[in-house]
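Inside the fold
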Amino acid sequence: MAQTTGNSPSTGRVAAPRARDTPSVLFDGVLFVDMEGVRAKYECLRPSCPRRLEGPVHSTDPLPGGVKGRQIGSGGVKAFIDGVKAQHLARYHGSTR
């Protein structure tokens, strides 16, 4: 962070960091969660990933096994999110981070 100098009202205050002062942030993936529509998907941004997209899932998706009229609900969307967080990197990239 830079210290300001001179006779201005901001003398001695710490200036906000400039873009060049902050390190670049890299993302390995993006988890999209829509709380209103109760749906989610995960996109892995690693170029070598064999499975770049997980989901999407929606609360109104049918339960596995095709039980007519039954949906996975918000609990199914939460289970999907928990599973992606716990399993994608370990399964496809040999990492827990």
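Provided above is the structure to which this section pertains.
Residues numbered from 1 in each chain as written. Predicted model: local features only at pLDDT ≥ 70, side-chain atom pairs only at ≥ 80, totals over all residues. Heavy atoms only, no water.

Details of the sheet that holds strand S3 (residues 53-58)
Neighbouring strands of a sheet are bound in pairs by backbone hydrogen bonds; such pairs are parallel or else antiparallel. What counts here: Pairs of strands are assigned from DSSP output, requiring at least two bridges between the strands. Here a strand is any run of E in DSSP of at least two residues, a helix any run of H or I of at least four, and the numbering for each starts at the N terminus. Note on definitions: angles span 0 to 180 degrees between N-to-C directions of axes, and those axes are lines fitted to C-alpha atoms, for helices only across the stretch in contact. We call two residues in contact when some of their heavy atoms are within 4.5 Å.
Spatially, the three strands line up as an open sheet ordered S1-S2-S3, and their pairing is antiparallel. With partners counted over all chains shown, the strands left at the sheet margins are strand S1 (29-34) and S3, one partner each. Between one strand and the next, the sheet's axes are offset by a mean angle of 5 degrees, whatever the strand orientation. Pairing of S1 with strand S2 (residues 39-44), which is carried by six bridges, proceeds in the antiparallel orientation. Note that in S2 the partner of Phe 32 across the bridge is Lys 41. Strand contacts of helix H1 (residues 73-93): S1, S2 and S3, with the helix running at about 10 degrees to S2, the strand carrying the most contacts.

Regarding the pattern of salt bridges
Where charged atoms of side chains with opposite charge meet at close range, the side chains can pair. Applied cut-off: Salt bridge, as used here: a side-chain nitrogen of Lys or Arg that lies within 4 Å of a carboxyl oxygen of Asp or Glu. For the exposure calls, accessible area comes from a 1.4 Å probe over protein chains only, and a residue counts as buried if that area is under 20% of its type's maximum, exposed if over 50%, partly exposed in between.
Counting across every chain of the model gives four salt bridges. The partner of Asp 34 in a salt bridge is Arg 39, and the shortest N-O contact between them spans 2.9 Å. Salt-bridge contacts for Lys 41 lead to Glu 43; the nearest nitrogen and oxygen are separated by 3.2 Å. On the basis of relative accessible area, Glu 43 is assigned to the partly exposed category, the value being 28%.

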